Amino acid sequence: PDQGDMFSPAWGPDSRRLAYIQQRDGRLQIVIEEANGDRVPAGDISAQGIDVIARQLDWSPDGRILAVTNKPANDEPFRIELIHIRERRRTTLTVPPALSDGDFEPRFSPDGSRLAFLRQNSRGVAGVLVVTLPSSEPVAVTDERGAFTGIDWSPDSRSLVVSGEAAGVHRLWR
């Protein structure tokens, strides 16, 4: 059978589950594939997510939650939602400003206490923000807005590595 397009893969912390987004029949669905090959649907996301080239999924370190980028309506920005897998429950974590492009690239800290993400105000202009979990107001961790394109945590959860462009050259910053 046609499985459709699949993208944004993210291995679970136990390395036994793989989450990804599958496009099929005009829908985008989050799928969790178990080590034995079983596929478990974890929920739908907006079809607008098909145009997002950034990574859209990340697992919490305990494997109980998936962070996902979603756009609930055409006239709203992308936001970060948390999917509580066992409870089959979804909560909204971020609510970006109405005129922004929204929030992307969710990354849980290795200790699970925080989630970092990029908030894109307009094409090519983003900031790095961090939310203390279970939920708090996002705090900007970059002074300027730049062409940031990716983030990840240090193994000790103390700092972030950020990729982006400055003066036409792509760099990494801590």
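Above this text is the structure in question.
None of these values were measured; they are calculated from a predicted model. (Residues numbered from 1 in each chain as written. Predicted model: local features only at pLDDT ≥ 70, side-chain atom pairs only at ≥ 80, totals over all residues. Heavy atoms only, no water.)

**Student:** Would you explain the sheet that holds strand 4 (residues 39-45) in this entry?
**Tutor:** Note: strands within a sheet are paired through backbone hydrogen bonds, in either parallel or antiparallel orientation. Taken in spatial order, the 4 strands line up as 1-2-3-4 in an open sheet, and their pairing is antiparallel. The sheet is open, and its two edges are formed by strand 1 (5-11) and strand 4, each paired on a single side. Across the sheet, the mean angle separating the axes of adjacent strands is 25° when strand polarity is ignored. With 5 bridges connecting them, strand 1 and strand 2 (residues 17-24) associate as antiparallel partners. Each residue of the ladder has a partner; that of Phe-7, found in strand 2, is Ile-21. (Pairing = 2+ DSSP bridges. Helix = DSSP H or I, 4+ residues; strand = E, 2+ residues; numbered from the N terminus. Axes fitted to C-alpha atoms, helices over the stretch in contact; angles between N-to-C directions.)

**Student:** Looking at this model, I keep getting lost on unusual backbone geometry. Mind explaining?
**Tutor:** Only a minority of non-glycine residues have a phi that is not negative, and only a minority of peptide bonds are not trans. Residues Leu-133 and Pro-134 are joined by a peptide bond in cis, for which omega reads 20°. Relative to the helices and strands, Pro-134 is located in the loop between strand 11 (125-132) and strand 12 (139-140). The phi dihedral of Ser-157 is positive, around 65°, even though this residue is not glycine. Within the fold, Ser-157 resides in the loop between strand 13 (147-153) and strand 14 (160-166).

**Student:** Which parts of the structure should I look at to understand the sheet that holds strand 10 (residues 114-122)?
**Tutor:** Spatially, the 4 strands line up as an open sheet ordered 9-10-11-12, and their pairing is antiparallel. Each end of this open sheet is capped by a strand with a single partner; those strands are strand 9 (102-108) and strand 12.

**Student:** Is there a simple way to think about the pattern of salt bridges in this case?
**Tutor:** Under the criterion given, the structure shown has 7 salt bridges. Of the charged contacts in the structure, one is a salt bridge between Glu-33 and Arg-39, with a shortest N-O distance of 3.3 Å. In this structure Glu-33 comes out as partly exposed when scored by relative accessible area, which is 23%. The exposure class assigned to Arg-39 is partly exposed, which follows from its relative accessible area of 43%. Glu-105 is the partner of Arg-107 in a salt bridge, and the nearest nitrogen-oxygen pair spans 2.9 Å. An identical accessibility class is assigned to Arg-107 and Glu-105; each is buried. Overlapping salt bridges, with partners in common, bring together Arg-79, Glu-81 and Arg-90 in one network. (Salt bridge = Lys/Arg side-chain N within 4 Å of Asp/Glu carboxyl O. Buried < 20%, exposed > 50% of the residue type's maximum accessible area, 1.4 Å probe, protein only.)

**Student:** What is the right way to look at the pairing of strand 10 in this model?
**Tutor:** Regular strands place side chains that alternate from one sheet face to the opposite one. The pairing of strand 9 with strand 10 spans 5 bridges and is classified as antiparallel. Each residue of the ladder has a partner; that of Asp-103, found in strand 10, is Arg-119. With 8 bridges connecting them, strand 10 and strand 11 associate as antiparallel partners. Along strand 11, the bridge assignment pairs Gln-120 with Ala-126. Here strand 10 folds back onto strand 11, and the loop between the two strands holds 2 residues, one of which, Gly-124, carries a positive phi near 80°.

**Student:** Please clarify how the packing of aromatic side chains should be interpreted in this entry.
**Tutor:** What characterises a pair of aromatic rings is the spacing of the ring centres plus the angle enclosed by the ring planes. Taken as a whole, this structure holds 2 aromatic pairs when the rule is applied. Judged by centre distance (5.1 Å) and plane angle (45°), the ring pair of Phe-78 and Phe-104 falls under tilted. Of the two residues, Phe-78 sits in the loop between strand 6 (65-70) and strand 7 (79-84) while Phe-104 sits in strand 9, which places them 26 residues apart along the sequence. Comparing Phe-78 with Phe-104 shows no difference in burial state: the two are buried. Taking the centre distance of 6.2 Å and the plane angle of 85° together, the rings of Phe-148 and Trp-173 count as edge-to-face. (Phe/Tyr/Trp six-rings, centres within 6.5 Å; stacked < 30°, edge-to-face > 60°.)

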